[in-house]
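A closer look at the structure
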Amino acid sequence: MKKNMTYNEAFNALEILVEEIETDEIQLDTLAEKVKQANELIKFCETKLRKIDGDIKKVTEGNK
Amino acid sequence: MNLLMPQTQKLSELISDIDTTIKNRFGGKTFWIKAEITDVKKQPDKRWCFLKFIEKDGNTITTEMKGVFWANSYNYIEEFEEETQQKFVSGLEITCNVRVRFHKRFGMDLEVLEIDFAYAIGKLERERKQTLERLVNENPLIRLLDGYYSTPNNRAALPMVFQNIALITAPNSDGQRDFTNVIEQNKYGYAFAVTPFLTQVQGDNAPQLIMEQLRLVEASKTDFDVVVIVRGGGSDIDFKSFNDYELARQIALCEKPILTGIGHDRNTSIVDLMARQLKTPTEVAAFILDNNYGFENNLLRIKARILQLAEDTIDNAKDELKHYKQRVKNLNPTTILKKGFAIVYADDKIVVDPKSITTGTEIKMHLQQEIIISTVTKKAKNEKEYDL
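Residues numbered from 1 in each chain as written. Chains lettered and ligands numbered in written order. Predicted model: local features only at pLDDT ≥ 70, side-chain atom pairs only at ≥ 80, totals over all residues.

A few words now on the overall build of chain B. A tally of regular secondary structure across chain B gives 10 helices and 16 strands. Against the globule reference of 21 Å for 388 residues, chain B gives a C-alpha radius of gyration of 47 Å, more extended than a compact globule. A burial count over chain B gives 26% of its 388 residues as buried. When contacts within chain B are restricted to residue pairs at least 6 apart in sequence, those whose partners lie at least 24 apart make up 61%. (Helix = DSSP H or I, 4+ residues; strand = E, 2+ residues; numbered from the N terminus. Rg over C-alpha atoms; globule rule 2.2 N^0.38 Å. Buried ≥ 20, exposed ≤ 12 C-beta atoms within 10 Å, placed from the backbone. Contact = placed C-beta atoms within 7 Å.)

Our next topic: the confidence of the model for chain B. Segments scoring low in pLDDT should not have their predicted coordinates read at a detailed level. Residue and element names in this part refer to chain B. For chain B, per-residue confidence averages 90 on the pLDDT scale, and 96% of positions sit at 70 or higher. The weakest mean pLDDT in chain B belongs to helix α10 (residues 333-338) at 84; the strongest belongs to helix α7 (residues 245-253) at 97. Scoring the predicted complex yields pTM 0.71 and, for the interface, ipTM 0.81. (pLDDT = per-residue confidence, 0-100.)

Here the domain parsing of chain B yields domain 1 (15-115), domain 2 (126-293) and domain 3 (335-375). Relative placement of domain 2 of chain B and domain 3 of chain B: their C-alpha centres are 93 Å apart. (Domains from an automatic or database assignment.)

Turning to the interface of chain A and chain B, a few remarks are in order. Contact residues are listed per partner, giving 25 residues for chain A and 27 residues for chain B. The set of elements that each furnish at least two residues to the side of chain A that touches chain B consists of α1 (7-22) and α2 (28-50) of chain A. Among the elements that take part in the side of chain A that touches chain B, α2(A) stands out by supplying nine residues, more than any other.

Quick look at the nonpolar core now. Residues and elements named next belong to chain B. Within the largest apolar cluster, 57 residues are counted, with the highest numbers of intra-cluster contacts made by Ile168, Val228, Ile251, Val271 and Met274. Top element by residues in this core is helix α9 (residues 281-331). It accounts for six residues. Contact partners of Val271, with chain neighbours within four places excluded, come to Phe242, Leu247, Ala248, Ile251, Thr260 and Ile262. In terms of nonpolar packing, the next biggest core, distinct from the first, is built from 17 residues, Leu51, Phe53, Phe80 and Ile94 among them. (Core = buried A, V, L, I, M, F, W, Y, C linked by C-beta atoms within 7 Å.)

Glancing now at the sheet that holds strand β12 (residues 276-277) of chain B. All names here are of chain B. The five strands lie next to each other as β9-β8-β10-β11-β12, forming an open sheet whose pairing is parallel. The sheet is open, and its two edges are formed by β9 (193-198) and β12, each paired on a single side. Of the strand pairs in this sheet, strand β8 (residues 164-169) and strand β10 (residues 226-230) are connected by four bridges, and their pairing is parallel. In the strand pairing of β10, Ala166 is matched with Val227. This element, α9, spans β10 and β11 (258-261) of the sheet and lies at about 145 degrees to β11. (Pairing = 2+ DSSP bridges. Axes fitted to C-alpha atoms, helices over the stretch in contact; angles between N-to-C directions.)

The subject of this paragraph is the pairing of strand β1 (residues 31-43) of chain B. Residues and elements named next belong to chain B. Alignment of β1 against strand β4 (residues 93-103), held across six bridges, turns out to be antiparallel. Following the sheet pairing, Lys34 is matched in β4 by Thr95. Counting the residues in the hairpin turn of β1 and strand β2 (residues 48-57) gives four residues, including Arg47, whose phi is positive at 60 degrees.

Right, let's get into the sheet that holds β1(B). All names here are of chain B. The five strands are arranged β1-β2-β3-β5-β4 in a closed barrel whose pairing can be described as mixed. Going from strand to strand, the sheet's axes swing by 55 degrees on average, the running direction of each strand aside. In this sheet, β2 lies alongside β1 in antiparallel orientation, the contact comprising six bridges. In the sheet register, Lys42 faces β2, and the bridge partner there is Cys49. Along the sheet, helix α2 (residues 71-84) contacts β2, β3 (60-69) and β5 (107-115); its crossing angle with β5, the most-contacted strand, is approximately 55 degrees.

What follows concerns α7(B). For α7(B), the full list of buried residues reads B:Leu247, B:Ala248, B:Arg249, B:Ile251 and B:Ala252. The secondary structure elements touched by the buried residues of α7(B) are α3 (117-138), α4 (152-155), α6 (206-219), β11 and α8 (270-274) of chain B.

This part is about the environment of B:Gly203. All names here are of chain B. Among the secondary structure elements, Gly203 is positioned in the loop between β9 and α6. The exposure class of Gly203 is partly exposed, given the 13 C-beta atoms found within 10 Å. When the C-alpha atoms of Gly203 and Lys87 are compared, they prove to be 9.6 Å apart, with 116 residues separating the residues in sequence.

Now the structure itself:
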């Protein structure tokens, strides 16, 4: 998983995973891997929602 | 030298004469005039307003007369500002009812008794309509579709999550406070980076200053998810900056999504029409929070769906396994023997084709519990009575 993935990228990746898991051809032995990937993407988004990337300083007074 | 001294009279006598003449001509009468106002000096505490009425030929003032509002008509100024959403300032053209006054010491002026708002409103609406038409006519990317202004700005898709916010607003304004408070104290614990781009948002220079801030936002190293333009204070009435052609055009063509919270419920500026309008600073903040909450909800839905799918997949696999197990079991010779069938051996080989067996052959019949050894005494055709 890319480190500085955008929400859009993460979400698209998730949707593809869901689609793959939904199809009947899914192999039982790849299922665990797919679920793991999905969980990682979800965790990434959840964390990112509540934590601003380190390189962005929070500015409260006049910047420019 | 015999100098003839001119006949003189006292100043007061002449002025009284003027006073009488004016009273005879203008006394007790009122007049409707349409004129530009300038040098407007409001004294809200005393409820007076001094100003000048002027008329120009090009840039040259050709006619000028002092004017005044006293307390009994001062409310018209307040109503004018309320009705037209613009401040009563120099440069406006107004239609008003006046009385001609003359004072022996302070001279002549026009006392304003009433303002006609309809004229001012009509003029504003015409200007607004012209600006909108110009935006559409001169910019092919700005289109009017079914009464809605479609611009590159409000056509562009919004990001799934807003996190890096550029806030264009007046320093220490209620708008800045309201927006920042709601964003920072959100109950979901979402993190935001709000970068203020402070500027004056009212007055003649405001459009240029806001445009400059917008350019700074676009040139910034930070990749902002959204630009928020808010203006605070319920009493603010000067809306003029946000109807400016150049500003509206820059907003319409800006690639970053812009959310506006600059007005009240009953008015929409041209800038609002070019971007995405949300009325108040608090509503803009709420929109941003709702948007992120919606995203998180989708995440949780997907999470639940994946868990369900994984469980279903495993359950299906289990069921299938169970099914095959049953089939294998059914085919197992032990299962068959339990049902009363026997396996026939001759020469320690299972007999599939009985042709090799003749009368006198020794055969072994394997039943579930025992093996019966016997010698064949007779053979006959199977009439398929047991055709299973």
